[in-house]
Amino acid sequence: QVQLVESGGGSVQAGGSLRLSCVASGYSINWFCMAWFRQAPGKEREVVATIKTDGRTDYADPVRGRFTISRENAKKTVYLQLNSLKPEDTALYFCASWQSGVCPRTSSAYNYWGQGTQVTVSS
């Protein structure tokens, strides 16, 4: 099955930037929907962004205009560029995948998950 490994998290000041990476192994991601979710302490996991097999993207309202999701299928990698970071962006960020052209916003739709990478934003 697909294995996903995230990296790129860290601690930054408000207004700073980070670039998260998610590398897949075992299968080509060409025909997979890819997504980023995040979960803060005491809160439910929420979608951040999704990217379809054709490259079409979708963003949650809190990050729209600040974050960018992209994919490089040849490298089996999906990225999340986080700009203009705010303290409320602090969370554990997860990469997720599902072999479908449809990319729901609900976490239950995704079969494959990484272990997460921590993003901490201080004011």
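A short tour of the structure in this document, coming up. In this text, all values refer to a predicted model and were calculated from it rather than measured experimentally.

## Digging into the overall build of the protein chain
Right, on to step 1. In terms of regular secondary structure, the protein chain is built from 0 helices and 11 strands.
Right, on to step 2. Computed over the C-alpha atoms, the radius of gyration of the protein chain is 13 Å, within 12% of the 14 Å expected from 2.2 N^0.38 for a compact globule of 123 residues.
Right, on to step 3. For the protein chain, the C-alpha atoms occupy an extent of roughly 40 × 25 × 25 Å along the three principal directions.
Right, on to step 4. Within the protein chain, the fraction of its 123 residues that count as buried is 41%.
Right, on to step 5. A fraction of 61% describes how many contacts in the protein chain between residues 6 or more apart in sequence connect residues 24 or more apart.
Right, on to step 6. When the accessible surface of the protein chain is split by element, carbon and sulfur atoms take 47% of a total near 6,300 Å².

## Some words on the environment of Lys-43
Right, on to step 1. Within the secondary structure, Lys-43 sits in the loop between β4 (33–39) and β5 (46–51).
Right, on to step 2. The class of Lys-43 is exposed, set by a relative accessible area of 56%.
Right, on to step 3. Along the primary structure Lys-43 and Ala-91 are separated by 48 residues, whereas in three dimensions their C-alpha atoms are 9.6 Å apart.

## So, the side chain of Ser-97
Right, on to step 1. For Ser-97, the location among the structural elements is in strand β9 (residues 91–98).
Right, on to step 2. Residue classification places Ser-97 among the buried residues on the basis of a relative accessible area of 0%.
Right, on to step 3. Apart from residues lying up to four places away in sequence, Ser-97 is in contact with Leu-4, Phe-32, Cys-33, Met-34, Tyr-110, Asn-111 and Tyr-112.

## What about the sheet that holds strand β1 (residues 3–7)?
Right, on to step 1. A sheet is described by the order of its strands in space; here 4 strands give the open sequence β1-β3-β8-β7, paired in antiparallel fashion. Bordering the open sheet on either side are β1 and β7 (67–72), each of which pairs with just one other strand. This sheet shows a mean twist of 15 degrees between the axes of neighbouring strands, independent of strand direction.
Right, on to step 2. Pairing between strand β3 (residues 18–25) and strand β8 (residues 77–82): 6 bridges, direction antiparallel. Across the sheet, the residue bridging to Leu-18 is Leu-82, located in β8.

Rules behind the numbers
- Residues numbered from 1 in each chain as written.
- Predicted model: local features only at pLDDT ≥ 70, side-chain atom pairs only at ≥ 80, totals over all residues.
- Heavy atoms only, no water.
- Helix = DSSP H or I, 4+ residues; strand = E, 2+ residues; numbered from the N terminus.
- Rg over C-alpha atoms; globule rule 2.2 N^0.38 Å.
- Buried < 20%, exposed > 50% of the residue type's maximum accessible area, 1.4 Å probe, protein only.
- Contact = heavy atoms within 4.5 Å.
- Areas by Shrake-Rupley, 256 points an atom, 1.4 Å probe, with all protein chains shown as cover.
- Pairing = 2+ DSSP bridges.
- Axes fitted to C-alpha atoms, helices over the stretch in contact; angles between N-to-C directions.

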